[in-house]
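Listed below are the residues making up each chain.
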Amino acid sequence: MRPLVPVSHRTRIGLGIAFFVLFFAVWALATLGGFVSKVFLADPITMVLNGWTLLVRFGFSYDIAMTVWRVVGGFVFAALVAVPLGIAMGAYKPVEAFFEPFVSFARYLPASAFIPLLILWAGTGETQKLLVIFLGSVFQIVLMVATSVGATRRDLVEAAYTLGSDERSVVARVLIPANAPEIAEILRLVLGWAWTYVIVAELIGSSEGIGHMIIDSQALNATGQMIFGIIVIGFIGLVSDFVFKAVNARLFPWKFA
Amino acid sequence: MSAPKLSIEGIARVFPGVGRRGQPTRAIEPTSLQVAENDFITILGPSGCGKSTLLRLVAGLDTPTSGRVVLNGRVVVRPGPDRGMVFQSYTLFPWLTVAENIAFGLRERGVPSLERRRIVDDYIERMGLAGFERHWPKQLSGGMQQRTAIARALANSPEILLLDEPFGALDNQTRALMQELLLGIWERDRKTVLFVTHDIEEAIFLASRVIVMTARPGRIKAEIRVELPHPRRYTMKTAPEFSTLKARLTEEIRAEALIALAER
Ligand SMILES: Nc1ncnc2c1ncn2[C@@H]1O[C@H](COP(=O)(O)OP(=O)(O)OP(=O)(O)O)[C@@H](O)[C@H]1O
Ligand SMILES: [Mg+2]
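Every chain is numbered on its own, with residues counted from 1 as its sequence reads. To read the labels, note that chains go from A and ligands from 1, taken in the order they are written. Restriction of local features to residues with pLDDT of at least 70 applies here, the model being predicted, together with a cutoff of 80 or more for giving and counting side-chain atom pairs; totals for whole chains, interfaces and linings are based on all residues. Excluding hydrogens and water, the side-chain values take into account all heavy atoms of the structure.

1. Overview of the coordination of the magnesium ion (ligand 2)
- With water excluded from the atoms, a metal site may look incomplete; its donors are any N, O or S atoms within 2.8 Å, or within 3.2 Å for Na, K and Ca. Protein-derived ligands of the magnesium ion (ligand 2) are Ser52(B) (OG) and Gln88(B) (OE1), with the metal-ligand distances lying across 1.9 to 2.4 Å. Taken as a pair, Ser52(B) in helix α1 (residues 51-59) and Gln88(B) in the loop between β6 (83-86) and α2 (98-102) lie far apart in primary sequence, 36 residues in all. Helical segments are the DSSP runs of H or I of at least four residues, strand segments are the runs of E of at least two, and each set is numbered from the N terminus.

2. A short note on the pattern of salt bridges
- Whenever a carboxyl oxygen of Asp or Glu lies within 4 Å of a side-chain nitrogen of Lys or Arg, that contact is scored as a salt bridge. Counted under the stated rule, the structure contains 27 salt bridges over all chains.
- Across the pair Asp43(A) and Lys38(A) runs a salt bridge, and its minimum N-O distance is 2.8 Å.
- Relative accessibility under 20% of the residue-type maximum defines a buried residue, over 50% an exposed one, and the middle range a partly exposed one, all with a 1.4 Å probe and only protein chains included. In this structure Asp43(A) comes out as buried when scored by relative accessible area, which is 4%.
- Note on Lys38(A): relative accessible area 57%, which makes it exposed.
- Note that Asp199(B) and Arg175(B) form a salt bridge whose closest N and O atoms lie 3.1 Å from each other.

3. Focus: the packing of aromatic side chains
- Only rings of Phe, Tyr and Trp enter the pairing, Trp through its six-membered ring, and a pair is recorded when the two centres are within 6.5 Å. The plane angle decides the type: under 30 degrees is stacked, over 60 is edge-to-face, the rest tilted. Summed over all chains, the structure comprises 14 aromatic pairs over all chains.
- Their ring planes at 75 degrees and their centres at 5.7 Å tell us that Phe40(B) and Trp186(B) sit as a pair that is edge-to-face. Here Trp186(B) lies in helix α6 (residues 172-189) and Phe40(B) lies in strand β3 (residues 40-44), a separation of 146 residues in the sequence. Each member of the pair, Phe40(B) together with Trp186(B), is buried.
- One aromatic cluster in this structure is built from Trp254(A), Phe93(B), Trp95(B) and Phe104(B).
- For the cation-ring pair, Lys237(B) lies above Phe205(B), with the distance from its terminal atom to the ring centre recorded as 4.8 Å. In our convention, an over-ring charge means Lys NZ or Arg CZ found within 6 Å of a ring centre and within 35 degrees of that ring's normal.

4. Quick notes on the layout of surface pockets
- Its volume calculated, the largest pocket comes out at about 510 Å³.
- Think of a 1 Å grid over the protein atoms and nothing else: a 1.4 Å probe that fits but is trapped marks a cavity, an open set flanked by protein within 12 Å on at least five of seven lines marks a pocket, and residues with an atom within 4 Å of a point count as lining. In this structure, the largest pocket is lined by His9(A), Arg12(A), Ile13(A), Gly16(A), Ile17(A), Phe20(A), Leu238(A), Asp241(A), Phe242(A), Lys245(A) and Ala246(A).
- Looking at the lining of the largest pocket, the element that brings in the most residues is helix α1 (residues 9-32) of chain A, giving 6 residues.
- For the lining of the largest pocket, the domains that each give at least three residues are domain 1 (1-36) and domain 2 (40-251) of chain A.
- Taken together, Arg173(A), Leu96(B), Ala99(B), Glu100(B), Ala103(B), Arg107(B), Ser113(B), Arg116(B), Arg117(B), Val120(B), Asp121(B) and Glu133(B) form the lining of the second largest pocket. Grid points are joined across faces, edges and corners, and a volume is the space filled by probe spheres set on the points. What fixes the domain bounds is an automatic or database domain assignment.

5. What to know about the environment of Met47(A)
Residues and elements named next belong to chain A.
- Within the secondary structure, Met47 is located in helix α2 (residues 44-57).
- Met47 sits in the buried class, given a relative accessible area of 4%.
- Note on contacts: a residue pair qualifies if any of its non-hydrogen atoms lie within 4.5 Å across the two residues. If we ignore the near neighbours within four places in the chain, the residues touching Met47 are Phe24, Trp27, Gly224, Ile227, Phe228 and Ile231.

6. Details of unusual backbone geometry
Residues and elements named next belong to chain B.
- In this structure, Pro231 follows His230 across a cis peptide bond, with omega equal to -5 degrees.
- By secondary structure assignment, the location of Pro231 is in the loop between β10 (220-225) and α8 (240-263).
- Although it is not a glycine, Asn38 adopts a positive phi angle of roughly 70 degrees.
- Tracing the sequence through the fold places Asn38 in the loop between β2 (25-35) and β3.
- Using a relative accessible area of 29% as the deciding quantity, one classes Asn38 as partly exposed.
- Backbone geometry places Arg190, a non-glycine residue, at a positive phi of 50 degrees.
- Mapped onto the elements, Arg190 comes out in the loop between α6 and β8 (192-197).

7. Points about the interface of chain B and chain A
- Listed per partner, the contact involves 24 residues of chain B and 21 residues of chain A.
- Put simply, buried area is how much 1.4 Å-probe accessible surface two parts lose in total, over both of them, once they are put together. Where chain B abuts chain A, roughly 2,000 Å² becomes buried across the two surfaces, and 62% of that area is made up of carbon and sulfur atoms.
- Considering only the surface of chain B that becomes buried against chain A, Trp95(B), Phe104(B) and Glu108(B) emerge as the three largest contributors, covering 32% of it.
- The partner of Glu158(A) in a salt bridge is Arg56(B), and the shortest N-O contact between them spans 2.8 Å.
- For the side of chain B that touches chain A, the element with the most residues is helix α3 (residues 104-109) of chain B, which contributes 4 residues.
- Residues are grouped as follows: Ala, Val, Leu, Ile, Met, Phe, Trp, Tyr, Cys and Pro are nonpolar; Asp, Glu, Lys and Arg are charged; every other residue, Gly included, is polar. Taken together, the residues of the side of chain B that touches chain A break down into 13 nonpolar, 5 polar and 6 charged.

Here's what the structure looks like:
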């Protein structure tokens, strides 16, 4: 293997699938072969059967839809606030000096630690779930966007000035388009983190959602269902990542094509 | 002589030292230069003598420590579209196609789209970029990128064109072709041009006046008129007058390069 030499598209997909196959094979061997007790870990077949029952008998698709909606809702809300603020901070240094210390501080406050407080303030309804996602994502996005915009190539900005741009048009026609792909990548990354917050939020005080199902299954010792829930999350993450990447490649051919 | 188009009046630039003990860098000593309308001035000097700094001061991208730059009777305080610049590094906007890059300044000025199309098409044609209108900058060779950058600056019809070693990274053959292309444009449009280079042949071939700068801190050391007739072709580079000028400039530059080397 030579460093940094790319592989063909087909080899890449093949290798990616190969690991999944290997993973399931090891899991099947450990459980079906009797090396691990059923109490701790269900085998893949039980998992799939349990998942099927969940979907057709217990309306698990409704739980999935709820969770997706919470993540997307809280995340979109956070992005709408954070992206403009991050751009303003990256572009205008006084704005950055004003917000940056607080945002850096707030970024380290764990969103999950706010859940009890948020329940107190907003109850156990949807508002609380959305707020958890919002708090968990907003500061991260702000800081990363600000850093990206602040690192825009200075010579491009200077070129724009010599072509007649004024301050506002440098932001609109250089800083934003130059960083748009980077901002999209940041959103993709943070969306992944938002998934972990929603599950934590649903583990506590919730009557539907994937996290809620996982907690319910714990009471029944149904490891097959729990694992099915976890795998569903991973699968949705994989799909959303794939969609995000495809959309980015379409939107920013100058960068990714 | 009538009032000069561009007048550089006792301009100096000192960069503050780096760190607590750092000595300030005197990039340019007080320097004056008058540029007449339609002049093609090439600025020649060893690396680090402040050529880019001088150009940036004229462009308004940097502020002089003392002195001033006057263009058409107005003091330069900030960058503007009346001074088109082509940078030493490749500065095309990577998110815009070749055509959109050339149109950047025109859109900034609010030129209507039909007029814009006409101007852009004209420069695409003249710069030999036909067929590449919709390419992204990263799909272009270095020579094409610089041609697009020149077109982008010219499309704005600036009062003066500032070029900072635009062909510095190109191979000799491409560089020679680009020189002829640029000279052809100048012979047709008679723009006022400041062109920085450290290639002596290039400096002579293009210029109506060659300015030689000293090693850091940069000052104007000599100024040499080039009386070679226009239109010029590459064959001129082997003419005896050309060789005489080249020998003389080589001497001037060599002395400065030796000083620059001894300072290190
Ligand atoms: N922003 C800056 N801060 C501090 N020093 C600088 C800065 N820009 C340039 N200098 C210094 O000023 C001097 C002149 O730099 P300049 O880039 O103008 O040289 P140059 O003649 O264009 O060289 P080259 O031919 O290598 O491009 C150098 O010693 C450089 O270190
Ligand atoms: Mg330079």
